[in-house]
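# An overview of the molecular structure
Now for the letters of each chain:
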Amino acid sequence: MAPVSTAQRIQRLLSLPREKLRPLLAHPVWRWFWRGLTALSLAAVAAGAYYSYTELSSDGLRVRPDFLLLSLAIYMVTFLMHLMGWHSLSRLLFGEIGLRQDVEAVVGSNLVKYLPTIAWYIANRAHYYGQRGVPQARVVAASFTELGFMVGACAGLLGLMWLYGISPWLAVAVPVAIALTLWALYALRGARFGRAADDWQVGRWAAAFLWYGATWPLAGLFLWAILSAFVPVPLESVQTVLWIWLNAALASYAVSLTLGFFVIAREITLTVLLSQIWPLPVALATAIAVKLVLTLGEVTCSLIVLGALRLTGARSDDE
């Protein structure tokens, strides 16, 4: 038998805590722990939704439900796009994970998202994939990559809109110049072994980013639809509405990693920005409706998808 090196001994010692903790993490009590947190999160959603509804109904504004339904339909499209974005990202970082597993991980984590901070949301994902052999540190890294994609796309689109306000030609020239610079830097690497595989990986990263980035223009339409439920808004104002939404989203992301005590940053920013153009009651009602539709839409979609996955899984087990 070959002698064990000092490095191997250290590696074994470092792996001992993980090996000891693995049976504990697989214990059924953890399943009930996450179920309890999910129930607590859903209770917070119900309380928040009831409060938002009472506030919304007390404003005395006339509501056009057809536009609220339109906003919900737009949200459902972005919900599916986020699922596909995460699936693309997980295949890059976790290997060939099935779409069913990725969808179940996202919708299950969505149900604990309404606890303070995003830590529970990420921890639920890490627990789910950890049971399937994916290192939890890699899941955390993927979750922050997803957050980086969302923030980066939001800030990038806001920057493009700012450039467009200066000059439409500038809004085209700057992205083209950045793309050409990145392509030139990549081309300077030369033809190396595995270059085709590298090109394929770059394309997959770009596709994952585009799934998330493409949701932002739809988010502008989402806010326009909710605003139109309270006051007539011409379609030409979508650009202004999108600018407001992007700023509010960045304000929300700025506090998403805190303790979560200031969870209404997006709603406050929306109210302040919308009230610069529309009456304050309309701005307040729109911010409340945004919170209500986003929360109920996400929870409802997640429960429906999770229920469908469980039913189809149980049906396949019976067969």
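Residues numbered from 1 in each chain as written. Predicted model: local features only at pLDDT ≥ 70, side-chain atom pairs only at ≥ 80, totals over all residues. Heavy atoms only, no water.

### Structural notes on the overall build of the protein chain
The helix and strand tally for the protein chain stands at twelve helices and zero strands. For the protein chain, the α and β elements follow one another from N to C terminus as α-α-α-α-α-α-α-α-α-α-α-α. Per-residue burial over the protein chain gives 38% buried out of 319 residues. Working note: accessible area of the protein chain is about 18400 Å², and carbon and sulfur atoms make up 71% of it. (Helix = DSSP H or I, 4+ residues; strand = E, 2+ residues; numbered from the N terminus. Buried < 20%, exposed > 50% of the residue type's maximum accessible area, 1.4 Å probe, protein only. Areas by Shrake-Rupley, 256 points an atom, 1.4 Å probe, with all protein chains shown as cover.)

### Here we look at the packing of aromatic side chains
Tallied over the full model, the rule gives eleven aromatic pairs. With a centroid separation of 5.4 Å and 85° between ring planes, the pair formed by Y128 and Y129 is classed as edge-to-face. As far as burial versus exposure is concerned, Y128 and Y129 are alike and both buried. Where F149 meets F209, the ring centres are 5.4 Å apart and the plane angle is 90°; that geometry is what we call edge-to-face. Of the two residues, F149 is situated in helix α6 (residues 136–166) and F209 in helix α8 (residues 195–213); the sequence distance between them amounts to 60 residues. Three or more aromatic residues joined by ring pairs form one cluster here, namely W86, F94, Y128 and Y129. Positioned over the ring face of W86 is R125, at 3.7 Å from the centre of the ring. (Phe/Tyr/Trp six-rings, centres within 6.5 Å; stacked < 30°, edge-to-face > 60°. Lys NZ or Arg CZ within 6 Å of the ring centre and 35° of its normal.)

### Some points on the pattern of salt bridges
According to the stated counting rule, one finds one salt bridge in the structure shown. In this structure, R125 engages E146 in a salt bridge whose closest nitrogen and oxygen atoms are separated by 3.0 Å. Linking R125 in helix α5 (residues 119–130) with E146 in helix α6, this pair joins segments that are 21 residues apart in sequence. Each member of the pair R125 and E146 is classed as buried. (Salt bridge = Lys/Arg side-chain N within 4 Å of Asp/Glu carboxyl O.)

### Digging into the side chain of S88
Among the structural elements, S88 can be located in helix α3 (residues 65–93). Contact partners of S88, with chain neighbours within four places excluded, come to A208 and W211. (Contact = heavy atoms within 4.5 Å.)

### Thoughts on the environment of R125
Residue classification places R125 among the buried positions, given a relative accessible area of 0%. Each C-alpha atom, one on R125 and one on S109, is 6.0 Å from the other, the two residues being 16 residues apart in sequence. If we ignore the near neighbours within four places in the chain, the residues touching R125 are W86, A105, V106, S109, V139, S143 and E146.

### With respect to helix α11 (residues 265–274)
With eight of ten residues buried, α11 is to be regarded as a mostly interior element. Among all positions in α11, only A265, R266, E267, T269, L270, T271, L273 and L274 are buried.

### A short note on the packing of helix α9 (residues 215–228) against helix α10 (residues 238–254)
Following both chains from N to C, one finds α9 and α10 inclined at 110°, their axes separated by 8 Å at the closest point. Classified by the angle between their axes, α9 and α10 sit roughly perpendicular to one another. Together, W216, P217, A219, G220, L221, F222, L223, W224 and L227 of α9 and V238, V241, L242, I244, W245, L246, A249 and Y253 of α10 make up the contact between the two elements. When the residues that make up the contact of α9 with α10 are grouped by side-chain class, the tally is 16 nonpolar, one polar and no charged. (Axes fitted to C-alpha atoms, helices over the stretch in contact; angles between N-to-C directions. Parallel < 35°, antiparallel > 145°, perpendicular 65-115°, else oblique. Nonpolar A, V, L, I, M, F, W, Y, C, P; charged D, E, K, R; others polar.)

### A few points about the nonpolar core
In summary, soluble globular proteins display a tendency toward joint burial of nonpolar side chains. Counting 65 residues, the largest nonpolar core has Y129, W216, F222, W245, L270 and W278 as the members making the most contacts within it. When residues of this core are assigned to their parent elements, the largest contribution, twelve residues, is made by helix α12 (residues 280–318). Filtering out sequence-adjacent residues up to four positions away, W278 remains in contact with L227, V231, V233, V241 and I244. (Core = buried A, V, L, I, M, F, W, Y, C linked by side-chain atoms within 4.5 Å.)

### Here we look at the side chain of S228
In this fold, S228 is placed in helix α9. Discounting residues that sit within four places of it in the chain, S228 has contacts with R64, F67 and V233.

### Details of the environment of A248
Structurally, the position occupied by A248 is in helix α10. Relative accessible area serves as the criterion here: at 0%, A248 is assigned to the buried category. Every residue in contact with A248, bar those within four places of it in the chain, is listed here: R266, T269 and L270.

### Looking at α5
Look at α5: 16 Å from first C-alpha to last across twelve residues, which is about the 16 Å you get at 1.5 Å a residue. Every buried residue of α5 is accounted for by Y121, I122, N124, R125, A126, H127, Y128 and Y129. (Expected span 1.5 Å × (residues − 1).)

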